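# Overview (structure and organization)
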Amino acid sequence: MKTNPGRFFEDYTLGEVIAHAVPRTVSGGERALYHALYPARGALYSSDEFARASGLAAAPMDDLIAFHTVFGKTVPDISLNAIANLGYAEGRWLKPVWPGDTLRSESEVIGLKENSNGKSGVVYVRTRGLNQAGEAVLEYVRWVMVRKRDTAAPAPETVIPALAPAVAAADLVIPGGLDFSRYDFTLAGEPHRWGDYAVGEQIDHVDGVTVEEAEHMLATRLWQNTAKVHFDATQREDGKRLIYGGHVISLARALSFNGLANAQVIVALNAGAHANPCFSGDTVRAWSEVLDKAETAAPGVGAIRLRLVAVRHGAEPFALKGDDGKYRPDVLLDLDYWALMPM
């Protein structure tokens, strides 16, 4: 057989390293399409001149373009037969990605746990994105629920990796040369700086975007994410195509511009959960909470830790979990990240 049916849960071995196929050279085309798919307006990623005034050689590729590209490479080996992508941890952006860079991915299996129903299991992987020089540009851990091929196959020994609850501020990697001491707040779109935000503050981002089937599938193909549940309606009992979680992440991040326009650069992904499935026709809204703040050694640059929550229209404002400790049914995404902001 020459076709690839994808891996199933029993095909993974603890400690194996998987080199993912098809490196990809990224360019301004990815940026233009990303900005067309999402209301992305971050000045540092939109303007070479703004980026140069901030100490960079030019505008790098959007941080989430790098994430989606690296993630997409892993799908044929990690989540082609996924039921759901469950969460993220220990993510760090290590180097800017520039137009013309070629990205590839590799993953190490760091945990396995069969589910109690015996029909599926959870696979934990640590993924690294590498550029053409072999330099790591991004790393993160994710865990995904994968079907078993044979329910009678013996369960592997359960290993759940110990993961840090957050990336320490001291471990954040600041892009070389970044300098916000001459930051132009007018061009960036909002006057709010690092000192204007308080830990515990919550921000309703006001705007919303209704998810369209065609846009979701275009975005998912753009990142070469081949997971069956995103395209094949027969993969789910409800006959619906599951919206790629990264699509929701980018929508929510773009919506957060209204109130957090100066949170310019994502540098770490502390935790993340796709709390409930998103489907075509859902209108996505977002709110944020300030979790922490830290100074950095870069001129004029502060770090801000944010919880970004995507919800369906009509959700109760700033409500995350119910009395039972479970996510409310209208919560789609709970993302904890560090961003860089002018002080």
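Going by the structure above, here's the rest.
This write-up is about the structure you can find in this document. (Residues numbered from 1 in each chain as written. Predicted model: local features only at pLDDT ≥ 70, side-chain atom pairs only at ≥ 80, totals over all residues. Heavy atoms only, no water.)

## Considering the overall build of the chain
Summing up its helical and strand segments, the chain has 8 helices and 11 strands in all. Relative to its length of 343 residues, the chain is compact, with a C-alpha radius of gyration of 20 Å against a globular reference of 20 Å. On the principal axes, the C-alpha backbone points of the chain span a range of 65 × 50 × 40 Å. Taking all 343 residues of the chain together, the buried fraction comes to 53%. In the chain, the share of contacts with a sequence separation of at least 24, taken over all contacts with a separation of at least 6, comes to 79%. Accessible area for the chain stands at about 14200 Å²; split by element, carbon and sulfur atoms hold 51% of it. For the chain, the separation between the mean place of its 34 positive charges and that of its 42 negative charges on side chains is 4 Å. (Helix = DSSP H or I, 4+ residues; strand = E, 2+ residues; numbered from the N terminus. Rg over C-alpha atoms; globule rule 2.2 N^0.38 Å. Buried < 20%, exposed > 50% of the residue type's maximum accessible area, 1.4 Å probe, protein only. Contact = heavy atoms within 4.5 Å. Areas by Shrake-Rupley, 256 points an atom, 1.4 Å probe, with all protein chains shown as cover. Lys, Arg positive; Asp, Glu negative; His and termini not counted. Charge placed at Lys NZ, Arg CZ, Asp CG, Glu CD.)

## A few points about the environment of R24
Checked against the element boundaries, R24 lands in strand 2 (residues 24-25). Assessed through its relative accessible area of 14%, R24 is described here as buried. Distance in space between the C-alpha atoms of R24 and D238 is 34 Å, their sequence separation being 214 residues. Ignoring anything within four residues of it in the chain, the contact list for R24 reads E30, T69, K73, D101, T102, L103, L222, W223 and Q224. Polar contacts involving the side chain of R24 include one to the side chain of E30, which spans 3.0 Å. (Polar contact = N/O pair within 3.5 Å; in protein donor to acceptor, adjacent residues only side chain to side chain.)

## Focus: the side chain of N225
By secondary structure assignment, the location of N225 is in the loop between helix 6 (213-222) and helix 7 (245-255). Engagement of the side chain of N225 in a polar contact is seen with the backbone nitrogen of A227, the distance being 3.0 Å.

## Let's talk about the packing of aromatic side chains
Each aromatic ring pair is specified by the distance between its two centres and by the angle formed by the two planes. Scanning the model with the defined rule gives 12 aromatic pairs in all. Plain terms: the ring middles of Y183 and F185 are 4.8 Å apart, the flat faces sit at 65 degrees to each other, and that makes the pair edge-to-face. Taken together, F67, F71, Y88, W93, Y140 and Y244 form an aromatic cluster joined through their ring pairs. (Phe/Tyr/Trp six-rings, centres within 6.5 Å; stacked < 30°, edge-to-face > 60°.)

## Observations regarding the packing of helix 1 (residues 28-37) against helix 4 (residues 63-78)
Contact geometry for helix 1 and helix 4: axes closest at 11 Å, N-to-C directions at 105 degrees. In terms of axis orientation, helix 1 runs roughly perpendicular to helix 4. On helix 4, the residues touching E30, R31 and Y34 of helix 1 are L64, I65 and H68. Of the residues contributing to the contact of helix 1 with helix 4, the split by class is 3 nonpolar, 1 polar and 2 charged. (Axes fitted to C-alpha atoms, helices over the stretch in contact; angles between N-to-C directions. Parallel < 35°, antiparallel > 145°, perpendicular 65-115°, else oblique. Nonpolar A, V, L, I, M, F, W, Y, C, P; charged D, E, K, R; others polar.)

## Considering helix 4
The terminal C-alpha atoms of helix 4 lie 22 Å apart, and with 16 residues this matches the ideal 22 Å at 1.5 Å per residue to within 8%. Where helix 4 bends most, at G72, the angle is about 25 degrees, and the proline P76 comes one to four residues later. Of all 16 residues making up helix 4, 15 are buried, and the element is well covered by its neighbours. (Expected span 1.5 Å × (residues − 1). Bend = angle between axes of the 7 residues up to and from the residue.)

## As for the pattern of salt bridges
For the structure shown, the criterion picks out 16 salt bridges. Two residues, E139 and R92, come together in a salt bridge whose shortest N-O distance is 3.1 Å. In this pair, E139 is assigned in strand 6 (residues 136-147) and R92 in strand 3 (residues 82-93), connecting sequence segments 47 residues apart. Salt-bridge contacts for D330 lead to R312; the nearest nitrogen and oxygen are separated by 3.8 Å. Taken together, the residues D330 in the loop between strand 10 (301-312) and strand 11 (331-342) and R312 in strand 10 connect sequence positions 18 residues apart. In this structure D330 comes out as partly exposed when scored by relative accessible area, which is 29%. Using a relative accessible area of 16% as the deciding quantity, one classes R312 as buried. (Salt bridge = Lys/Arg side-chain N within 4 Å of Asp/Glu carboxyl O.)

## Quick notes on the nonpolar core
Core analysis: the biggest nonpolar cluster contains 57 residues, and Y38, F67, W93, W223, V284 and I304 have the highest contact counts within it. Among the elements that line this core, the one with the most residues is helix 4, at 7 residues. Look past the residues within four positions of I304 in its chain and what remains in contact with it is W194, Y197, V290, D292, K293, Y337, W338, A339 and M341. Residues A43, L178, V265 and A298 belong to the second largest nonpolar core, which totals 23 residues. (Core = buried A, V, L, I, M, F, W, Y, C linked by side-chain atoms within 4.5 Å.)

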